[in-house]
Amino acid sequence: MFEIDKWQEIYSTIRKNKLRTFLTGFSVAWGIFMLIILLGSGSGLENGVKEQFKGGATNGVWISSGQTSLKYKGLKTGRQIKFTNEDYKSIKSSVEGYDRISARLFLGNKIISYKNEYGSFFLSPCHPDYGFIKEIDIIQGRFLNVIDIKEFRKVAVIGEKVKSSLFKGADTTALGKYVKVNGVLFQIVGVFRDYSRNDNEQKRVYIPISTAQRVFQGENVINQISFTTGDASAQEADLMIQKSKAVLAKMHTFDIDDNRAINVWNKNEEVRKFKALFAGIRLFIWIIGIGTIIAGIVGVSNIMMIVVKERTKEIGIRKSIGATPWSIVALIMQEAIVITSFAGYIGLVLGVGLLELISKKMPPSEFFRNPEADFSVALMATALLILAGATAGFFPAMKAAKVKPVEALRDE
Amino acid sequence: MITINKIHKSYVTGQNSLHVLKGIDLNIEAGEMISIMGASGSGKSTLLNILGILDNFDSGAYYLNGLKIDRLTERKAAQLRNKMLGFVFQSFNLVSFKNAMENVALPLYYQDVPRKKRNMIAMEYLERMGLKDWAHHLPNEMSGGQKQRVAIARALIGKPKVILADEPTGALDSTTSLEVMDLLHEINATGITVIIVTHELDIAKRTGKTIRITDGNITEIIKN
């Protein structure tokens, strides 16, 4: 079955029937190409959006203070809600089920200098748990700890980008060095890496919130409370948020239904929304993809049927000079399989090539990056088309092989 | 070489049955050159197709070289055609996308002769037909006489015992017809049995024996 001679016979037939070969091959290559592009676009979109969610635990909840928008117990609207350490403590003690919790103070960008180098970086006072909530990686030293908070230590954990702009030349070690933050010396205890898409998040400096309140604020004000919900379900997480709202509403006397008194950002909910969206998109892509493959199958089947009809006379000639029916079937099927596999491969290469080109030349935008196709799916689709081509060839080939040579030769 | 007894053949189309051969008896010795004549529709081509195992028959017996031809499998029939028989058709029936050499070599492909060897043998046969220079031409680049000579070369390459020619000169002018007949004579001279179906009297006259068929019966056997 696999003698070289047979392949030469197939090769010479293919070479001498270029249009037929092209038409058969084209429908297969096109089907596979479109499928790859479709799958690639879908994954590009998904990767793009996933990128948006990088940096920060997917089960994180961030609660920031705002202004009231509803009248409540005789109080006017437009009151500024100000969080304090008390709020942090109340949530910590009355909300159950959280995994990590931290308060934050927003001090904005501050000039931070080391020797002659300086820059403006975002100062972010927080609790030790914030490192987990933000999902940063400590690449040198450590993150803040409980003792830092308790003893109001002047320590800082700086971003990689901060380190690279302050420590240049021979000064490559940052750990243990002192940087000046608004004129106050802080000792660097760690360097972190943040995987956020946003470059600014690499340029942060984390310091103990207790120290910041004492050194820069002189009060017990905080701006944000965030926690992770552990492995709580969506409903349990919503309960935690409700409970937090209730605690804060009571402490600051605002309507619990006032959505502007405090702003809650539940990342998990956002992630869930997008997961649902992408489930929809994926379904849509699959429907179109399957449609494309079916179109390819129909195309190949059609052409194979025409091919067999066109070759009826040749089959008659071959039979009259001693071709067995099986050899006729094998000839047509092998030809079909060779053409569809080769064309499928071309479609695969072109599709993957185009995706590579897009990924390389097109700057990753907000919602589209790294389009990639699932290779095993593409291979399966190719196999399916080959099978379809073979099946589409098989039945007419069987019929043709059964035709008596005298009938095949009769049409003139 | 060929013996047939009371061969009957009907073609059934819908409700009509057309009785084409009505009990043909015929004996052809090895090395004979005979012609089968008859009007169109007389059954002469059907007879040739049955002799060539291209078509089956309803009743009767057919012995080819002593072998009973009856309800053969397609595979066996194909092998017999390949080894015993060579066909020459009125419309040449060359494979259009293969050149002369490849067409001639095709029967050897089904005998599993390696490509190089069968192309070499095909070239020998083409040379014998005076078509060496045309070996790499496609059929549509050749004249009718050339195509028929390619077809004859193809019929001969499998070293058959019997050549069956269905109106071999039907599509050719008279000069070329004569050349083709000369060629068939030469082939016959090498000991191969040649059976020619024709409706041209002067072609039939050039064979050893003419069998005339009328309405599915042999009506006359003439020694020329």
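The structure presented is a predicted model; accordingly, all values stated were derived computationally and were not measured. (Residues numbered from 1 in each chain as written. Chains lettered and ligands numbered in written order. Predicted model: local features only at pLDDT ≥ 70, side-chain atom pairs only at ≥ 80, totals over all residues.)

Caption draft 1: The overall build of chain A, seen in detail. On a plain count of helices and strands, chain A comes out with 13 helices and 13 strands. By the burial criterion, 40% of the 412 residues in chain A qualify as buried. Expressed as a percentage of contacts within chain A between residues at least 6 apart in sequence, the contacts between residues at least 24 apart total 82%. (Helix = DSSP H or I, 4+ residues; strand = E, 2+ residues; numbered from the N terminus. Buried ≥ 20, exposed ≤ 12 C-beta atoms within 10 Å, placed from the backbone. Contact = placed C-beta atoms within 7 Å.)

Caption draft 2: Region of the structure containing the overall build of chain B. When its secondary structure is counted, chain B shows seven helices and ten strands. Taking all 224 residues of chain B together, the buried fraction comes to 47%. Residue pairs at least 24 apart in sequence account for 69% of intrachain contacts in chain B once pairs closer than 6 positions are excluded.

Caption draft 3: Structural context of the interface of chain A and chain B. Counting from both sides, the interface comprises 20 residues of chain A and, opposite them, 23 residues of chain B. Counting residues per element, the ones that place at least two in the side of chain A that touches chain B are helix H1 (4-16), helix H10 (312-320), helix H11 (325-361) and helix H13 (405-410) of chain A. Its residues assigned to classes, the side of chain A that touches chain B shows seven nonpolar, six polar and seven charged. (Nonpolar A, V, L, I, M, F, W, Y, C, P; charged D, E, K, R; others polar.)

Caption draft 4: Molecular detail of the sheet that holds strand E6 (residues 85-88) of chain B. Residue and element names in this part refer to chain B. What the six strands build is an open sheet, ordered E6-E7-E8-E3-E9-E10; its pairing is mixed. With partners counted over all chains shown, the strands left at the sheet margins are E6 and strand E10 (217-223), one partner each. Recorded for the sheet is a direction-independent mean angle of 20° between the axes of neighbouring strands. (Pairing = 2+ DSSP bridges. Axes fitted to C-alpha atoms, helices over the stretch in contact; angles between N-to-C directions.)

Caption draft 5: Quick peek at unusual backbone geometry. For Asn 65 of chain B, which is not glycine, the phi torsion reads 55° and is therefore positive. Note that Asn 65 of chain B resides in the loop between strand E4 (59-64) and strand E5 (67-68).

Caption draft 6: Summary view of the sheet that holds strand E2 (residues 16-28) of chain B. All names here are of chain B. Here four strands make up an open sheet; going across it, the order is E2-E1-E4-E5 and the pairing antiparallel. In this open sheet, the two edge strands, each paired with only one partner strand, are E2 and E5. Inspection of the sheet shows strand E1 (residues 2-13) paired to E4 by five bridges, in the antiparallel sense. Paired with His 8 across the strands is Ser 59, a residue of E4.

Caption draft 7: Expanded view of the packing of helix H3 (residues 85-94) of chain A against helix H8 (residues 234-252) of chain A. All names here are of chain A. In contact at an axis separation of 10 Å, H3 and H8 are set at 140° when each is read in the N-to-C sense. By the angle between their axes, H3 is oblique relative to H8. The element H3 and its partner H8 pack so that their crossing is right-handed. Between H3 and H8, the residues in contact are Glu 86, Asp 87, Ser 90, Ile 91 and Ser 94 and Lys 243, Ser 244, Val 247, Leu 248 and Met 251, respectively. By residue class, the composition of the contact of H3 with H8 is four nonpolar, three polar and three charged. (Parallel < 35°, antiparallel > 145°, perpendicular 65-115°, else oblique. Left-handed = near helix turned anticlockwise from the far one by under 90°.)

Caption draft 8: Layout of the confidence of the model for chain B. Overall, the predicted model of chain B reaches an average pLDDT of 90, with 100% of residues at or above 70. Of the two predicted TM-score estimates for the complex, the pTM is 0.67 and the ipTM is 0.89. (pLDDT = per-residue confidence, 0-100.)

Caption draft 9: Fine view of the pairing of E2 of chain B. By the bridge criterion, ten bridges tie E1 of chain B to E2 of chain B in an arrangement that is antiparallel. Following the sheet pairing, Ile 4 of chain B is matched in E2 of chain B by Leu 26 of chain B.

Caption draft 10: View of helix H7 (residues 209-217) of chain A. Every buried residue belonging to H7 of chain A is among Ile 209, Ser 210, Thr 211, Ala 212 and Gln 213 of chain A, and all of these are buried. Residues of H7 of chain A that are buried in the fold lie against strand E3 (101-104), strand E5 (117-126), helix H5 (146-150), strand E10 (204-208) and strand E11 (221-222) of chain A.

Caption draft 11: Summary view of the environment of Ser 327 of chain A. With respect to the helices, strands and loops of the structure, Ser 327 of chain A is situated in helix H11. Note: C-alpha distance between Ser 327 of chain A and Ala 401 of chain A (74 residues apart in sequence) is 8.6 Å.

Caption draft 12: Layout of the nonpolar core. Of all hydrophobic cores here, the largest spans 110 residues; its most connected members are Ile 32 and Ile 36 of chain A together with Val 104 and Ile 195 of chain B. Once residues within four sequence positions are removed from consideration, Val 104 of chain B is found in contact with Ala 122, Tyr 125, Leu 126, Val 150, Ala 153, Arg 154 and Ile 157 of chain B. Counting 49 residues, the second-largest nonpolar core is a separate cluster that includes Val 95, Ile 133, Ile 136 and Val 162 of chain A. (Core = buried A, V, L, I, M, F, W, Y, C linked by C-beta atoms within 7 Å.)

Caption draft 13: Examining the confidence of the model for chain A more closely. Summary statistics for chain A give a mean pLDDT of 85 and a share of 97% for residues scoring 70 or more. Per-residue pLDDT, averaged within each element of chain A, yields its smallest value for H13 of chain A (72) and its largest for strand E7 (residues 155-159) of chain A (94).

Caption draft 14: Fine view of the environment of Arg 104 of chain A. Residue and element names in this part refer to chain A. As for its position among the elements, Arg 104 is in strand E3. For Arg 104, a count of 24 C-beta atoms within 10 Å translates into the label buried. Between the alpha carbons of Arg 104 and Pro 208 there is a distance of 9.4 Å; along the sequence they are 104 residues apart. With near-sequence residues (within four places) excluded, Arg 104 lies in contact with Ser 124, Pro 125, Cys 126, Tyr 130, Ile 209, Ile 222, Asn 223, Gln 224 and Ser 226.

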